[in-house]
Amino acid sequence: PQKSIEDRVQEISNPDPKRSRHNPNSGPNATSSALVVTQDGTGRRLVKRNPGRIPRPDWHAPWVLKTVLSGHQGWVRSVAVDVSNEWFVTGSDDRTIKIWDLASGNLKLTLTGHISAITGLCVSPTRPYMFSVSDDKTVRCWDLEQNKVIRSYHGHLSGVYGVAIHPEMDILCTCGRDSTCRVWDIRTKAQLIVLTGHTNTVGTVKCQSAEPQIITGSHDSTIRLWDLKTQKRGPF
């Protein structure tokens, strides 16, 4: 019996692998030769579909590992780079913060003070300050000219996982396992706002000068954008 157009399309689109073993249009590098059925004034007919071409990516030299730094005795959970691009800091489960020379990779300083894992770090772009957060529920401000803690911020009810500095205002944002994001006055250590709404751990926070000024991401699978003026939030 004569085969229908649909049967012919099925055979061409899914050929017998034994018959197409030596077909130049088969294999992983083959282009699609599927046919489509079109309807016009003369009836239905087969038309070859033009295969779409995937653009070839620009070639670049393979990435090469430059340096491997060792020194921490536990998981390294956080990294932050100074705006001068001369040094960076790392925080670890070994409860230490290490400051490294970015060009040479040499260890410059080790800071201690937290009694549990350091889970987040950020470096102030305008002052010689660094902020660290930890599983010990504390937020600390380090003066890098004196290499010591000058302020501690208390308020989180459990481990603190994320920290961010507002680029224009003297405020600090932290988030953690208590499902909140807390906004602090850097100078007075006062807790200005507690942003609530997440139903699980808030794992990360970012600040920016434009609205929304605070963005949080949580283990409840939502992202919330916050307006500091109205304290409104939007889940996404």
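Residues numbered from 1 in each chain as written. Predicted model: local features only at pLDDT ≥ 70, side-chain atom pairs only at ≥ 80, totals over all residues. Heavy atoms only, no water.

1. Points about the overall build of the protein chain
Thought 1: Across its full length, the protein chain carries one helix and 18 strands.
Thought 2: Taking all 236 residues of the protein chain together, 39% fall into the buried category.
Thought 3: Element-wise, carbon and sulfur atoms account for 50% of the exposed surface of the protein chain, whose accessible area totals about 15,000 Å². (Helix = DSSP H or I, 4+ residues; strand = E, 2+ residues; numbered from the N terminus. Buried < 20%, exposed > 50% of the residue type's maximum accessible area, 1.4 Å probe, protein only. Areas by Shrake-Rupley, 256 points an atom, 1.4 Å probe, with all protein chains shown as cover.)

2. A word on the sheet that holds strand β7 (residues 118-123)
Thought 1: The strand order β7-β8-β9-β10 describes an open sheet built from four strands, whose pairing is antiparallel. Looking at the sheet topology across the chains shown, the edges are occupied by β7 and β10 (148-153). Across the sheet, the axes of successive neighbouring strands diverge by a mean angle of 25°, strand direction being ignored.
Thought 2: As paired elements, strand β9 (residues 139-143) and β10 share five bridges and run antiparallel to each other. Within the sheet, the bridge partner assigned to D143 lies in β10 and is K148. (Pairing = 2+ DSSP bridges. Axes fitted to C-alpha atoms, helices over the stretch in contact; angles between N-to-C directions.)

3. Quick notes on the environment of H166
Thought 1: You can see H166 is positioned in the loop between β11 (160-165) and β12 (171-176).
Thought 2: Sequence separation between H166 and S209 is 43 residues; the distance between their C-alpha atoms is 7.0 Å.
Thought 3: Beyond its immediate sequence surroundings of up to four residues, H166 is in contact with I171, C207, Q208, S209, Q213 and L228.
Thought 4: A polar contact is formed between the side chain of H166 and the backbone oxygen of Q208, at a distance of 3.3 Å.
Thought 5: In this structure the side chain of H166 is engaged in a polar contact, spanning 2.8 Å, whose partner is the side chain of Q213. (Contact = heavy atoms within 4.5 Å. Polar contact = N/O pair within 3.5 Å; in protein donor to acceptor, adjacent residues only side chain to side chain.)

4. Overview of the pattern of salt bridges
Thought 1: This structure, assessed with the given rule, holds five salt bridges.
Thought 2: For R77, the salt bridge is made with D93, and the minimal N-O distance between the two is 2.4 Å. Taken as a pair, R77 in strand β3 (residues 76-81) and D93 in the loop between β4 (87-92) and β5 (96-101) lie far apart in primary sequence, 16 residues in all.
Thought 3: Owing to a relative accessible area of 27%, D93 belongs among the partly exposed residues under this scheme.
Thought 4: Among the ionic pairs, R127 bridges to D170, the shortest N-O distance being 3.2 Å. Highlighted residues: R127 in the loop between β7 and β8 (129-134) and D170 in the loop between β11 and β12, separated in sequence by 43 residues.
Thought 5: A single network of salt bridges, built from pairs that share partners, joins R127, D170 and R187. (Salt bridge = Lys/Arg side-chain N within 4 Å of Asp/Glu carboxyl O.)

5. Section: the sheet that holds strand β6 (residues 107-112)
Thought 1: Here we have four strands laid out as an open sheet, ordered β3-β4-β5-β6, and antiparallel in their pairing. Pairing within the sheet leaves two strands with one partner each, and these edge strands are β3 and β6. Neighbour-to-neighbour, the strand axes of the sheet open up by a mean angle of 20°, direction not taken into account.
Thought 2: With five bridges joining them, β5 and β6 adopt antiparallel strand pairing. Looking at the pairing, W100 lines up with L107 of β6.

6. Concerning the pairing of strand β15 (residues 202-207)
Regular strands place their side chains on alternate faces of the sheet.
Thought 1: Across five bridges, the pairing between β15 and strand β16 (residues 214-218) is antiparallel. Across the sheet, residue C207 finds its bridge partner in β16, namely I214.
Thought 2: The hairpin turn running from β15 into β16, its antiparallel successor, is six residues long.

7. Focus: the nonpolar core
Thought 1: C173, C181, V183, L195, V205, I214 and L228 are the most contacted members of the largest nonpolar core, which has 14 residues in total.
Thought 2: Among the elements of the structure, β12, β13 (181-185), β14 (191-195) and β15 are those that each provide at least two residues to this core.
Thought 3: Apart from residues lying up to four places away in sequence, I214 is in contact with C173, C181, V183, L195, V205, K206, C207, R224, L225, W226 and L228.
Thought 4: Core analysis: the next-biggest nonpolar cluster, separate from the first, contains 13 residues, Y129, C141, W184 and I186 among them. (Core = buried A, V, L, I, M, F, W, Y, C linked by side-chain atoms within 4.5 Å.)

8. Some thoughts on a nonpolar patch on the surface
Thought 1: A cluster of nonpolar side chains, contributed by V76, V79, V81 and L102, occupies part of the molecular surface with about 310 Å² of accessible area.
Thought 2: You can call L102 partly exposed: its relative accessible area is 32%. (Patch = residues over 30% accessible without salt bridge, like charges linked within 9 Å, V, L, I, M, F, W, Y side chains within 5 Å.)

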